[in-house]
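For reference, the chains in residue letters:
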Amino acid sequence: MAEDRGSKEPRSPRSNPLHQIEIDDFRRDRLLAALALIFGASFCLGLPFALQAGAEFFLPLTAAIVIAIALVPLLEWLERRGMPSALAAFLALAAFLAIINAALAIIVVPATGWFARLPDSIPRIQSNLAPLIDFYSTLQRFVDRTLMSVASGTEATAQAVAATAPTSVVDYFISSAPAAAIQLFFAVLVIFFFLSSWTRLRKGTIRRRGSFDGAMQTARVIQNVVDATADYLATITMINAILGLTVSLLLWALGMPSPFMWGGIVSICNFVPYLGPIVAAVLLGLGGLMTFDAVGLALLPALIFIGVHLVEANLITPLVLGKRLTINPLLILVSLSFWGWVWGTPGALLAVPLLLILQTVLASTGTPDLAGFLFEHGTLTTTDDVRDRLNRTHEESDG
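About the criteria used
Every chain's residues receive numbers from 1 upward, in the order its sequence appears when written. Restriction of local features to residues with pLDDT of at least 70 applies here, the model being predicted, together with a cutoff of 80 or more for giving and counting side-chain atom pairs; totals for whole chains, interfaces and linings are based on all residues. Working from all heavy atoms in the structure, the side-chain values ignore hydrogens and water. To qualify as a helix, a DSSP run of H or I must reach at least 4 residues; to qualify as a strand, a run of E must reach at least 2; elements of each kind are numbered from the N terminus. In this scheme, a residue with accessible area under 20% of its type's maximum is buried, one over 50% is exposed, and one in between is partly exposed, where area comes from a 1.4 Å probe on protein chains only. A 1.4 Å probe and the Shrake-Rupley method give the accessible areas. Residues count as covered only by the protein chains that appear here. Helix axes use the C-alpha atoms of the stretch in contact, all axes being lines fitted to C-alpha atoms, and the angles between their N-to-C directions lie in the range 0 to 180 degrees. By the definition adopted for this analysis, an angle is roughly parallel if under 35 degrees, roughly antiparallel if over 145, roughly perpendicular if from 65 to 115, and oblique otherwise. Whether two residues are in contact is decided by their heavy atoms: any pair within 4.5 Å suffices. Residue classes follow a fixed rule: Ala, Val, Leu, Ile, Met, Phe, Trp, Tyr, Cys and Pro count as nonpolar, while Asp, Glu, Lys and Arg count as charged, and any other residue, Gly among them, counts as polar. The pLDDT value expresses, per residue, how confident the predictor is, ranging between 0 and 100. What goes into a patch is any residue over 30% in relative accessible area without a salt bridge, connected to like charges within 9 Å or, for nonpolar side chains (Val, Leu, Ile, Met, Phe, Trp, Tyr), within 5 Å. A pairing counts as a salt bridge when a side-chain nitrogen of Lys or Arg comes within 4 Å of a carboxyl oxygen of Asp or Glu.

1. A short note on the overall build of the protein
Summing up its helical and strand segments, the protein has 17 helices and zero strands in all. The buried share of the protein, taken over its 399 residues, is 31%. Summed over its atoms, the accessible surface of the protein is roughly 24700 Å², and 71% of this surface lies on carbon and sulfur atoms.

This is the structure in structure tokens:
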């Protein structure tokens, strides 16, 4: 018995050199995992400020990539009909630009006239809002007396700011047009070259994986991202277009000038969940006050939009999108606040597509092991996994 116990002592985990090597490897892996977490947290904390500071580069690049991903199904449809990649990319981009230009022409040209009419419409707006103004006149006088002392100290500063601020929308557009044109041209080039090299890029990414399972998982992630992004943007665009057309026809029947301009504004605003419809309702209310004399009739365009939007948001959109593209409302609000803080209004428009892409990637790769998908090996090795590996190695060393 003693000899048996003595013969087993050299094979104990403490004296086994393979066991010690495994322990050292485990400690090294844990150290590397801790360093990866530290650098990852630092990267996540610094990324928003870097994106905000480099908005002139990152914003058009991100928007171009999202748009290009949404155009991939059209590109692949053209390539399946024998078109070269460059020609298919050009046609897909041309179709997208034609739709965007048509939508902007419907909105921008009439909107210029509305902006020009705004100063002359202020008396009508004041007349329509006279009952509300009289109702709150006491509160207004109280606020005026309270702010009198504060305003007196900042009057010089306000005058200086007013002197340097653009005096009209045209002045603001002229001052910012060169930068906007450069960013637009950069985004168009990114979309074209992304689409023209999409097939080679996808095949090269899949072939560079070190294993068959990794290649299959990469192909699945790429396909899921493309399908989810394209389906969501195409479906939302169709729904918003129908919403805008419905509102336009109802406003036309009401006698509202430029009804299709208002329909286009409603469609664009509805791309931003929660906040966009509020902005559209406020703009329609302002447009009604500029157009009609009676306050009840002036608020009717906004009420029409609110009614149509409630039907769309609670019945049509859930029915069309279904559960597959449903996103947590809390995540939508967080994404809107984050990207709106980073890039303003364009960031708010990109918030939901970016959230959908991130959600699709995490759902396809597995949330706990995103690093394992990127490097084809798990970075954060668990204690149970290491213990099982140690036991198997020890059993193999015992024969």
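We are not done yet, so read on.
2. As for helix H11 (residues 259-269)
With nine of eleven residues buried, H11 lies mostly within the body of the structure. Within the sequence span of H11, burial applies to Pro 259, Met 261, Trp 262, Gly 263, Gly 264, Ile 265, Val 266, Ser 267 and Cys 269.

3. Concerning the packing of helix H12 (residues 275-291) against helix H14 (residues 300-321)
Following both chains from N to C, one finds H12 and H14 inclined at 155°, their axes separated by 7 Å at the closest point. When the axis of H12 is compared with that of H14, the two are roughly antiparallel. Contacts between H12 and H14 involve Pro 277, Ala 280, Ala 281, Leu 284, Gly 285 and Gly 288 on the former and, on the latter, Pro 301, Ala 302, Phe 305, Ile 306 and His 309. Looking at side-chain class alone, the contact of H12 with H14 contains eight nonpolar, three polar and no charged residues.

4. Notes on unusual backbone geometry
Even without a glycine there, the phi angle at Ser 258 is positive, about 50°. A relative accessible area of 27% places Ser 258 in the partly exposed class. In this structure, Tyr 274 takes a positive phi of about 70° despite not being glycine. For Tyr 274, the location among the structural elements is in the loop between H11 and H12. Residue classification places Tyr 274 among the partly exposed residues on the basis of a relative accessible area of 40%.

5. Observations concerning the confidence of the model for the protein
Counting all residues, the mean pLDDT for the protein is 75, and 67% of those residues have values of 70 or more. Contacts for the low-pLDDT stretch residues 1-14, under 50 throughout, to residues beyond four places or in other chains number eight contacts. Confidence drops under a pLDDT of 50 for residues 153-175, and excluding neighbours within four residues, the segment shows three contacts in the predicted structure.

6. Quick notes on the environment of Leu 333
With respect to the helices, strands and loops of the structure, Leu 333 is situated in helix H15 (residues 329-365). Judged by its relative accessible area of 44%, Leu 333 falls in the partly exposed class. For the pair Leu 333 and Pro 273, spaced 60 residues apart in sequence, the C-alpha separation works out to 8.3 Å.

7. Topic: a nonpolar patch on the surface
Residues Met 238, Ile 242, Val 311, Leu 315, Ile 316, Leu 319 and Val 320 make up a contiguous nonpolar surface patch of about 670 Å² in total accessible area. Only helix H10 (212-254) and H14 provide two or more residues apiece to the nonpolar patch. By residue number, the principal contributor to the nonpolar patch is H14, which donates five residues. Its location among the elements puts Met 238 in helix H10.

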